[in-house]
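One letter stands for each residue in the lines below.
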Amino acid sequence: ATLIRNAEVALYAAKEHSETSAWYSDAQEASRLGHLSLLSDLRSAIQNNELQMWLQPKIHLHDLRCYGFEALVRWQHPQRGFISPIEFIPFAERAGYISHVTNWMLQQAAQTLASWQSRYPHLSIAVNVSTNDLRDQQFPERVRQLIQQYQLRPENLQLELTESGIMENPD
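Conventions and cut-offs
- Every chain is numbered independently, its residues counted from 1 as its sequence is written.
- Two thresholds apply to this predicted model, a pLDDT of at least 70 for residue-level local features and 80 or more for giving and counting side-chain atom pairs, whereas whole-chain, interface and lining totals are computed over all residues.
- The side-chain figures draw on all heavy atoms in the structure; neither hydrogens nor water molecules are used.
- Pairing of aromatic rings covers Phe, Tyr and the six-membered ring of Trp, with a centre-to-centre limit of 6.5 Å; geometry is then stacked below 30 degrees between planes, edge-to-face above 60, and tilted otherwise.
- Comment: elements are numbered from the N terminus, with helices defined as DSSP H or I runs of at least four residues and strands as E runs of at least two.
- For each residue, the accessible area found with a 1.4 Å probe, counting protein chains only, is set against the maximum for its type, and the residue is called buried under 20%, exposed over 50%, and partly exposed in between.

(A) Looking closely at the packing of aromatic side chains. Following the criterion strictly, the structure yields two aromatic pairs and no others. Centre to centre, the rings of F69 and W116 are 5.3 Å apart; their planes meet at 55 degrees, and the pair counts as tilted. Pair noted here: F69 is in strand β2 (residues 66-77) and W116 is in helix α4 (residues 98-116), with a separation of 47 residues, a long-range link. Centre to centre, the rings of W75 and F88 are 5.3 Å apart; their planes meet at 85 degrees, and the pair counts as edge-to-face. Of this pair, W75 sits in strand β2 while F88 is found in helix α3 (residues 85-94), placing the two residues 13 residues apart along the sequence. Considered together, W75 and F88 belong to a single accessibility category, that of buried residues.

(B) Expanded view of unusual backbone geometry. A positive phi angle is found at N49, which is not glycine, with a value near 55 degrees. Of note, N49 is situated in the loop between α2 (26-47) and β1 (51-59). Positive phi, close to 60 degrees, is recorded for L64, a residue that is not glycine. Along the chain, L64 falls in the loop between β1 and β2. The exposed category is assigned to L64, whose relative accessible area is 64%.

Here it is in structure tokens:
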């Protein structure tokens, strides 16, 4: 059982670095256990609203007018402190948990847009989605339901493919 577990750890290390093989090391095992803990914590973060949506303005350079925002997910872990999206987003994608993060972000963006509708009907929020989200047959329906639930103008809720998603399979 130990040999199989160690082989799996080496297999995932090889896949992560796009290599044909890798040697097992105790450090990889510690990293794997840390990631399992992180996945459990990420589940709790979504359920307990520990994630934050930060809005980065999009500005026309010719007149410096704001025309929308890009939604950025941030995580302030109660024990570990700030966890960089560079650490938890790729991990969530690999673990198959990214759709939960995306759904949380879409919900936050939809609520924010709904609160802006009367004063700022022209502003949009762009939410990054992964290729994993796009493979989900129910994803378009979830987006449609949010737009309908919050009575949004569809053009105000924008979806952007992540750079890593585009490079994953250029074809």
